[in-house]
Amino acid sequence: MSAQVFHQAMGTLQSNRLLNNSGTHHELGNIRVQLIPKCFKLNIELSRNRNFRFGKKNFGIIQATASQTSVIESASSPSNHDTSDSKKKSNEAALILVRHGESLWNEKNLFTGCVDVPLTKKGVEEAIEAGKRISNIPVDMIYTSALIRAQMTAMLAMTQHRRRKVPIIMHNESEQARTWSQIFSEDTMKQSIPVVTAWQLNERMYGELQGLNKQETADRYGKEQVHVWRRSYDIPPPNGESLEMCAQRAVAYFKDQIEPQLQSGKNVMIAAHGNSLRSIIMYLDKLTSQEVISLELSTGIPMLYIFKEGKFIRRGSPAGPAEAGVYAYTRVCNP
Ligand SMILES: O=C(O)[C@@H](CO)OP(=O)(O)O
């Protein structure tokens, strides 16, 4: 499949079109795109029989550390094998962002921040569903936060991947951890995906709100005050991080560690959190501090960007297997 066809299939959405349109519909082949101003809600309706598989080609390559994969020539069957002589097809790289699935504290409507809470059963299902959506996109590197809900999401998503590579958490926290987790087979390495965990991708630290119920906090301090704590750009909750502070560490990490991987042609998945991903999207989509406050991310809905010639081009969300509509961004400030 050609790059052009691939791009059409994924919906040729330029991020800036989302920001300046006035709620009109656009037809892109079978893809109907609705653009709604202010809330940045992206609604992609796909006809049910739209096929998002990218042909039966083997795409080969992938060495965990030094190869370039094509976004376009995706994994089509679990039996595909890496071939070191595969040709590099493109300078593009894919970037997949996914907010973790529902956590036990999302379910209880508690401020979570950096408290390390696992997924609910629904969150597990969301992560698996996210994995199905991206199962045809080769993944060379995975970055997650240091928190279990993001790590569970990444690992569960990868159980659905057609290439059946094994995601392996890198333990670089000490010399001993590095030595004790070494792999001694080149072939096994090639069938692995390094997973880097980084605290910089953690949810923003919610300070003294962590563990409090969101509704009760609104009843006590007023809805407006709580909205300011949750969604203003530069006002932190008591003893916590503002979105601006969260962006400083998350975006710096993205630029220093992740962007070079994309530049070298590797496809990267990031599993992280509502606010660390909002900061990264602010950078990718060049949103202003006013625009980012209306940006909400759903749990477990992956978003795809193509990195090409130093630019990030948003492709929306790969379609779910059984549904017509995909919401990458949502309007409401989730409970
Ligand atoms: O509680 C949290 O840590 C976050 C994400 O769930 O909440 P909010 O939506 O207020 O950013």
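Residues numbered from 1 in each chain as written. Predicted model: local features only at pLDDT ≥ 70, side-chain atom pairs only at ≥ 80, totals over all residues. Heavy atoms only, no water.

Looking at an unreviewed UniProt entry, one finds the protein named phosphoglycerate mutase (2,3-diphosphoglycerate-dependent), with Citrus sinensis as its source organism. Quoted verbatim from the Sequence similarities (unreviewed entry) heading of the UniProt record, the comment on the protein is "Belongs to the phosphoglycerate mutase family. BPG-dependent PGAM subfamily." (UniProt positions renumbered as here; feature names shortened; annotations may be inferred.)

Asker: How should the site of the ligand be read in this particular structure?
Answerer: In the neighbourhood of the ligand, the contacting residues comprise Arg99, Asn106, Leu110, Phe111, Thr112, Gly113, Glu203, Tyr206, Lys214, Arg230, Arg231 and Asn275. Asparagine 275 is positioned such that a nitrogen or oxygen atom in its side chain is 2.8 Å from an oxygen atom of the ligand. Calculation on the ligand without its partners gives an accessible area of 310 Å², and the protein chains cover 96% of this total. Looking at the shell around the ligand residue by residue, the class counts come to 3 nonpolar, 4 polar and 5 charged. (Near = heavy atom within 4 Å. Polar contact = N/O pair within 3.5 Å; in protein donor to acceptor, adjacent residues only side chain to side chain. Areas by Shrake-Rupley, 256 points an atom, 1.4 Å probe, with all protein chains shown as cover. Nonpolar A, V, L, I, M, F, W, Y, C, P; charged D, E, K, R; others polar.)

Asker: Sorry, what's going on with the packing of aromatic side chains here?
Answerer: We describe a pair of aromatic rings using the distance from one ring centre to the other and the angle between the two ring planes. Applying the stated criterion across every chain, the model contains 7 aromatic pairs. Between phenylalanine 254 and tyrosine 283, the aromatic rings sit 5.9 Å apart at their centres with planes inclined by 65°, giving edge-to-face as the arrangement. On the criterion of sequence distance, the pair formed by phenylalanine 254 in helix α10 (residues 243–263) and tyrosine 283 in helix α11 (residues 274–284) is long-range, its members being 29 residues apart. Under the relative-accessibility criterion, tyrosine 283 is labelled partly exposed at 27%. Among the aromatic residues, ring-to-ring pairing joins Phe254, Tyr283, Phe307 and Phe312 into one connected group. It is arginine 204 that lies over the ring of tyrosine 206; its NZ or CZ is 4.4 Å from the centre. In this structure, lysine 214 packs its charged tip against the face of phenylalanine 111, placed 5.3 Å from the ring centre. (Phe/Tyr/Trp six-rings, centres within 6.5 Å; stacked < 30°, edge-to-face > 60°. Helix = DSSP H or I, 4+ residues; strand = E, 2+ residues; numbered from the N terminus. Buried < 20%, exposed > 50% of the residue type's maximum accessible area, 1.4 Å probe, protein only. Lys NZ or Arg CZ within 6 Å of the ring centre and 35° of its normal.)

Asker: Before we go on, may I ask you to explain the pattern of salt bridges in this structure?
Answerer: Counted according to the given criterion, the structure contains 7 salt bridges. A salt bridge links lysine 121 to glutamate 125, with the nearest nitrogen and oxygen atoms 3.0 Å apart. Of this pair, lysine 121 and glutamate 125 are both found in helix α4 (residues 121–133), 4 residues apart, which corresponds to roughly one turn of the helix. Since its relative accessible area comes to 63%, lysine 121 is described here as exposed. Two residues, aspartate 285 and arginine 314, come together in a salt bridge whose shortest N-O distance is 3.0 Å. Linking aspartate 285 in the loop between α11 and α12 (289–292) with arginine 314 in strand β11 (residues 311–316), this pair joins segments that are 29 residues apart in sequence. Assigned by exposure class, aspartate 285 and arginine 314 land together as buried. (Salt bridge = Lys/Arg side-chain N within 4 Å of Asp/Glu carboxyl O.)

Asker: Sorry, what's going on with helix α9 (residues 223–231) here?
Answerer: It helps to recall that an α-helix has 3.6 residues per turn; residues three or four apart then point in one direction. Among all positions of α9, only Val226, Trp229, Arg230 and Arg231 are buried. Along the axis of α9, the buried residues cluster in a sector spanning 165°; they form a single face. (Arc of directions from axis to C-beta.)

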